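Each chain is listed here by its residues.
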Amino acid sequence: MPALRAALVLDDGLRAEANARGENYWPLYAQEVLRRIGLPFEVLAPGDLTPERLADLRIVILSALPRERIERAQAQALTAWVEAGGLLIGFATEGLDDLFGVTVDGVIDHAGDEFTSAACISLEDPEWTAQLLPAYERSTAMPVIAPVKVISAPGCRELARLRSFFEQDLGRPAVTWREVGEGAACWWAFDLAECLWKMQQGRPVYDDFDGDGKLRTMDMIVTRPWRGEVPYADLMCFVLRRVLAEAGAVFLHQLPPTPEGSIPDLLLHWGGDDEGATEVQVPAAQFMVEMGLPYHINIMQSPVGTHQLPRAGFERLRELGCETGIHFNFITEVEHPHRFTRQELADQLTTYLAAYGEMTVCMVFHWVSWTGWAEPARWLAELGLRGDNNRVHWTYPPLNPVNKVAFAFGTAYPSHYWDDAEHGNARIDFVGLPITAYEVGYLRGVGVEPSQLHRTIEQGAFWNLTMSLFHHPIYLLSEETRGAVRECLAHIERLGLNALHMGTDQACLWWHARDASAIESVERADREVVAQVRCEWDHGCVLQMLAPAGEVAVSVNSAPAESAVREQHGARWLYVPVPCGRSVVQVHFV
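Residues numbered from 1 in each chain as written. Predicted model: local features only at pLDDT ≥ 70, side-chain atom pairs only at ≥ 80, totals over all residues. Heavy atoms only, no water.

Trainee: Please explain the overall build of the protein chain as it appears in this structure.
Mentor: Within the protein chain, the secondary structure is distributed over 14 helices and 33 strands. The C-alpha atoms of the protein chain give a radius of gyration of 24 Å, which matches the 25 Å a tight globule of 590 residues would have. In terms of overall dimensions, the protein chain has C-alpha extents of about 70 × 55 × 40 Å along its principal axes. Expressed as a percentage of the 590 residues in the protein chain, the buried residues total 62%. Counting only contacts in the protein chain whose residues sit at least 6 apart along the sequence, the fraction spanning at least 24 positions is 76%. (Helix = DSSP H or I, 4+ residues; strand = E, 2+ residues; numbered from the N terminus. Rg over C-alpha atoms; globule rule 2.2 N^0.38 Å. Buried < 20%, exposed > 50% of the residue type's maximum accessible area, 1.4 Å probe, protein only. Contact = heavy atoms within 4.5 Å.)

Trainee: Mind showing me how you'd approach the state of the cysteines here?
Mentor: Cysteine pairs can be covalently joined through their sulfur atoms, and such a bond is termed a disulfide. Within the structure shown, the criterion is met by 1 disulfide. Disulfide pairing places Cys535 opposite Cys541 at an S-S distance of 2.4 Å. What sets the handedness of the Cys535 and Cys541 disulfide is the S-S torsion sign, and at about 80 degrees it is right-handed. The pair Cys535 / Cys541 is uniform in exposure class, with both members buried. (Disulfide = S-S within 2.5 Å.)

Trainee: Explanation requested: the pairing of strand β25 (residues 499–503) in the structure shown.
Mentor: Regular strands show a simple pattern: their side chains alternate between the two faces of the sheet. Counting buried residues in β25 gives 4 out of 5 residues, a clear majority hidden from the surface. Bridging between strand β13 (residues 266–273) and β25 involves 5 bridges; their strand directions are parallel. Each residue of the ladder has a partner; that of Leu267, found in β25, is Leu500. (Pairing = 2+ DSSP bridges.)

Trainee: Please explain the sheet that holds strand β10 (residues 169–180) as it appears in this structure.
Mentor: For sheets, the rule is that strands pair by backbone hydrogen bonds, running either parallel or antiparallel. Reading across from one edge, β2-β1-β3-β4-β11-β10-β9-β6-β7 is the order of the 9 strands in this open sheet, with mixed pairing throughout. The open sheet is flanked by β2 (42–44) and β7 (142–144), the only strands paired with a single partner. Sheet twist, expressed as the average angle between the axes of neighbouring strands with direction ignored, equals 25 degrees. For β10 and strand β11 (residues 183–188), the ladder comprises 6 bridges, and the chain directions are antiparallel. (Axes fitted to C-alpha atoms, helices over the stretch in contact; angles between N-to-C directions.)

Trainee: Can you help me understand the sheet that holds strand β28 (residues 541–546) in this one?
Mentor: As summarised here, the arrangement of the 4 strands in space is β12-β28-β32-β31, forming an open sheet in which the pairing is antiparallel. Strands with a single pairing partner mark the edges of an open sheet, and in this sheet they are β12 (251–252) and β31 (564–568). Bridge count between β31 and strand β32 (residues 571–578): 5 bridges; the pairing is antiparallel. Directly across from Arg566, in β32, lies its bridge partner Trp573. Its contacts with the sheet place helix α7 (residues 232–245) against β12, β28 and β32, and it is angled at close to 90 degrees to β32.

Trainee: Before we go on, may I ask you to explain helix α1 (residues 12–20) in this structure?
Mentor: Each full turn of the α-helix corresponds to 3.6 residues, which orients residues three or four apart in the same direction. Those residues of α1 lying buried are Leu14, Arg15, Ala18 and Asn19. Projected down its long axis, α1 carries its buried residues within an arc of 130 degrees, all on one side. The N-cap residue of α1 is Asp11: its side-chain oxygen and the backbone nitrogen of Gly13 are 3.0 Å apart. Looking one or two residues beyond α1, the residue adopting positive phi is Gly22, at roughly 80 degrees. (Arc of directions from axis to C-beta. Polar contact = N/O pair within 3.5 Å; in protein donor to acceptor, adjacent residues only side chain to side chain.)

Trainee: Before we go on, may I ask you to explain helix α2 (residues 30–37) in this structure?
Mentor: Of all 8 residues in α2, 7 are buried; the element is thus mostly enclosed. Of the positions making up α2, those classed as buried are Ala30, Gln31, Glu32, Val33, Leu34, Arg36 and Ile37. Positive backbone phi, at 80 degrees, marks Gly38, one or two positions downstream of α2.

Trainee: In this structure, what is going on with the side chain of Thr360? I would like to understand it.
Mentor: By the secondary structure assignment, Thr360 is in the loop between α10 (342–356) and β16 (362–365). A relative accessible area of 1% places Thr360 in the buried class. With near-sequence residues (within four places) excluded, Thr360 lies in contact with Thr324, Gly325, Ile326, Leu349, Tyr352, Gly384 and Leu385.

Trainee: Help me understand the side chain of Arg514 in this model?
Mentor: Take Arg514: it is sitting in helix α14 (residues 504–516). No salt bridge is formed by the buried Arg514. Its closest oppositely charged neighbour is Asp515, at 6.3 Å. Excluding its chain neighbours within four sequence positions, the residues that come into contact with Arg514 are Arg35, Arg36, Ile37, Gly38, Leu252, His253 and Gln254. (Lys, Arg positive; Asp, Glu negative; His and termini not counted. Salt bridge = Lys/Arg side-chain N within 4 Å of Asp/Glu carboxyl O.)

Trainee: What's the story with the pattern of salt bridges in this structure? I'm lost.
Mentor: Side-chain pairing between opposite charges can occur once the charged atoms of the two side chains come close. Within this structure, the stated rule accounts for 37 salt bridges. Close ionic contact of Arg311 with Glu315 constitutes a salt bridge, the shortest N to O distance being 3.4 Å. Linking Arg311 with Glu315, this pair stays in helix α9 (residues 311–319), spanning 4 residues, or about one helical turn. Here Arg311 falls in the partly exposed class, since its relative accessible area comes to 40%. On the basis of relative accessible area, Glu315 is assigned to the partly exposed category, the value being 40%. The salt bridge involving Arg534 is made with Glu536; its shortest N-O contact spans 3.1 Å.

Trainee: I would appreciate a short explanation of the packing of aromatic side chains in the present structure.
Mentor: We describe a pair of aromatic rings using the distance from one ring centre to the other and the angle between the two ring planes. Taken as a whole and assessed by the stated rule, the structure comprises 28 aromatic pairs. Consider the rings of Trp510 and Trp537, whose centres lie 5.8 Å apart with planes at 70 degrees: the pair is edge-to-face. With Trp510 in helix α14 and Trp537 in the loop between β27 (528–535) and β28, the pair connects residues that are 27 residues apart, well separated along the chain. Of the two residues, Trp510 and Trp537, both sit in the buried class. Among the aromatic side chains, those forming a connected cluster through ring pairs are Phe328, Phe330, Phe340, Phe365, Trp370, Trp379, Tyr417 and Phe430. A cation sits over an aromatic face here: Arg514 above Trp511, 4.7 Å from the ring centre. Above the face of the Tyr575 ring, Arg566 is positioned so that its terminal group lies 5.3 Å from the ring centre. (Phe/Tyr/Trp six-rings, centres within 6.5 Å; stacked < 30°, edge-to-face > 60°. Lys NZ or Arg CZ within 6 Å of the ring centre and 35° of its normal.)

Trainee: Hey, could you run me through the environment of Leu495 in this one?
Mentor: Mapped onto the secondary structure, Leu495 falls in helix α13 (residues 479–495). The spacing of Leu495 and Ile457 is 38 residues in sequence and 9.4 Å in space, taken between C-alpha atoms. Sequence-distant contacts of Leu495, defined by excluding residues within four places in its chain, comprise Ile457 and Glu458.

Trainee: Before we go on, may I ask you to explain the pairing of β28 in this structure?
Mentor: β28 sits mainly inside the fold: 6 of its 6 residues count as buried. Of the two faces of β28, the one lined by Cys541, Leu543 and Met545 and the one lined by Val542, Gln544 and Leu546 are each fully buried. Relative to β28, β12 runs antiparallel, the two sharing 2 bridges. Bridge pairing in β28 links Leu252 to Leu543. With 6 bridges connecting them, β28 and β32 associate as antiparallel partners. Note that in β32 the partner of Met545 across the bridge is Leu574.

The structure is reproduced here in structure tokens:
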């Protein structure tokens, strides 16, 4: 069978030039976008676009290359390759307008600085993209944090519509699809990599951007003034995945199998901060054990240098199976706005290790503090930590947005930080797990109020998301919060969902293991797929691909295997659990 291979075309020379000017090279983040959707790919330079090299590929994704970086011979080679059956995707790539079937009539730049939106898009195609949204969200406009080209594209299928900053329909396409011979070309009117890097990592925090008097991840949010009640970045990734799936691409799913080997509908990870309180941690963890749920507690020094939780309490938490992490405190005993340093991080971590003797995996900052852009992620990775649960879900005001579910950073999934221009825009081995559902399901002094909790579960299941359920230990002692936890489990049961529950450490480690896993090769014929997979997670990984109508037969390592076919978002998707280690997966579409 012929191999199905994909390549991303990046220009490292342009990256070096931009970094030398002190500028970030946004197209580099296309690698993170493809990893996020689980597509196996190799990286090529523009000079590699020869007929001989293209003959080995089924999919080519072009980063935001300027016109002068694609020579005439390369354009001709790409055109012939597409006509012979290749899928070409361009992120605002210049110099191939005829092949993509577009004419650029103008550009809409950022409304403010480079971290503000330029325009919006809406998902309009009734078969491929509109159904990525629930019926009640179909009018959603999603902000684009990158310059947007205004195009004409007669003869192209419109997958997304361009809208103004104020959501006015501009009557122009934003994402197009064009059949060319035996192949197809898909063009994005903006650099998806730039948009998602800025949306997911946010703006640098050197000053109090939102006026609350402190430096926090709220200052980083670039999706404002939009409320972020749907995951904009994830939806854009889902559009890209849907396009790639037309070429037969196989993906590593964002969720792992359950320990029993089934396909989950959503992943919920549970955690909260002790806020330096006393005598709340163990009772909260005991309640979660009674509910059959994992839990993660972040332990804060208050005052700095002193932990209120004694060593015996910490050991009891570990006996209960409760995860523990450090809760850095740069709110009390400092003058605001405060820019913490690497040394301050190291000092508090040293105190934590002296108190408990165990390294932390995932952490938070008190009041979701932050400094700079990628610096804290780089420092924490250097100190041996793996991730944070520090990206807040909602903008200021209010100061403490309780009982809300939202995606202020555009995503529900963990994502790796990427460094600044001074550090070569390197990928940092550290992930951010966004808060998505903060103290949802109850109102203090009132009781259970389930609307936001139900939304959390239903959205998570609709998109197969990783959702952070953030509950402080002190509140888990109240009957209101405990009622919300019980209602969460009851609603999952009512809906018949298969929910995978984790602590925040485990969710962080899963994402690192997924990143280390790989679809090493894919061969595909008309009705058969063979994939070689290496999975680094103890409970395995899940392969995802489009499935035509009809029966499906699956084997893993030559033995019949379970699989699931789901009608989702206007498409028929096949999910195949794969065990830890190396496996050969064979799929026959009958």
